[in-house]
Amino acid sequence: MTVEIREARPEDRPALIRLMGALNEFEAAIEENRADASAAESHLDYVEGQIRELGGVMLVAEQAGAVIGFLCYTFEEDPGTFVRPEYRRHALIWDISVAGEARGQGVGQALLAAAERAARAGGIAEIRLYVLEANVRARRIYEEAGYRNYERFLSKRL
């Protein structure tokens, strides 16, 4: 069955909340500081606000009329001059989630490829994302899609 990647519409909101909740639950299970599904709607509100403020896109993957995944990104700019001008403005993927029953079918890869095409068409030379160190499967998927370690963001619990 084919998967259609398109921009999110208002009627997708219940599916987006469900998928964000699943992402939250997964991350809460591997990282103690992560919120559970109860924060899904408020986080989605926040991300949508950032997309409106900074520019960006909320993409969904749809199969047989059902939303089975999403990816959202904003446009960001590195401050200062430590990054070459042509790379300062970049896309930053905030969240990506694929429904459990659709995992392993290339939905995440299709979402990543669509985001990359859209960013490139908008004149963006680089797309970045954060991934939890403990999220081994996601790290493997991103590496297979050509992503590499760019910076290491360290934390220490006090």
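Look up: the structure comes first, before these words.
Residues numbered from 1 in each chain as written. Predicted model: local features only at pLDDT ≥ 70, side-chain atom pairs only at ≥ 80, totals over all residues. Heavy atoms only, no water.

**Things to note about the side chain of R6**
Mapped onto the secondary structure, R6 falls in strand β1 (residues 4-7). A polar atom in the side chain of R6 sits 3.1 Å from the side chain of E62. Other than its neighbours up to four places away in sequence, R6 contacts D12, M58, L59, V60, E62 and V67. (Helix = DSSP H or I, 4+ residues; strand = E, 2+ residues; numbered from the N terminus. Polar contact = N/O pair within 3.5 Å; in protein donor to acceptor, adjacent residues only side chain to side chain. Contact = heavy atoms within 4.5 Å.)

**Looking at the packing of aromatic side chains**
To describe a pair of aromatic rings, one takes the distance between the centres and the angle between the planes. With the rule as written, the count across this model stands at four aromatic pairs. An angle of 80 degrees between the planes, with centres 5.6 Å apart, marks the rings of Y73 and F75 as edge-to-face. Residue class for F75 comes out buried when judged on its relative accessible area of 16%. (Phe/Tyr/Trp six-rings, centres within 6.5 Å; stacked < 30°, edge-to-face > 60°. Buried < 20%, exposed > 50% of the residue type's maximum accessible area, 1.4 Å probe, protein only.)

**Description of the sheet that holds β1**
If you trace the five strands from one edge of the open sheet to the other, you get β1-β2-β3-β4-β5, paired in mixed fashion. With partners counted over all chains shown, the strands left at the sheet margins are β1 and β5 (127-129), one partner each. Within the sheet, the average angular offset between the axes of one strand and its neighbour, ignoring direction, is 30 degrees. Where strand β3 (residues 66-77) lies against strand β4 (residues 89-98), nine bridges are found, and the strand directions are antiparallel. Each bridged residue has a counterpart across the sheet, and for F75 the counterpart in β4 is A91. Of the strands in this sheet, β1, β2 (56-63), β3, β4 and β5 are in contact with helix α4 (residues 107-121), which crosses β3 at around 35 degrees. (Pairing = 2+ DSSP bridges. Axes fitted to C-alpha atoms, helices over the stretch in contact; angles between N-to-C directions.)

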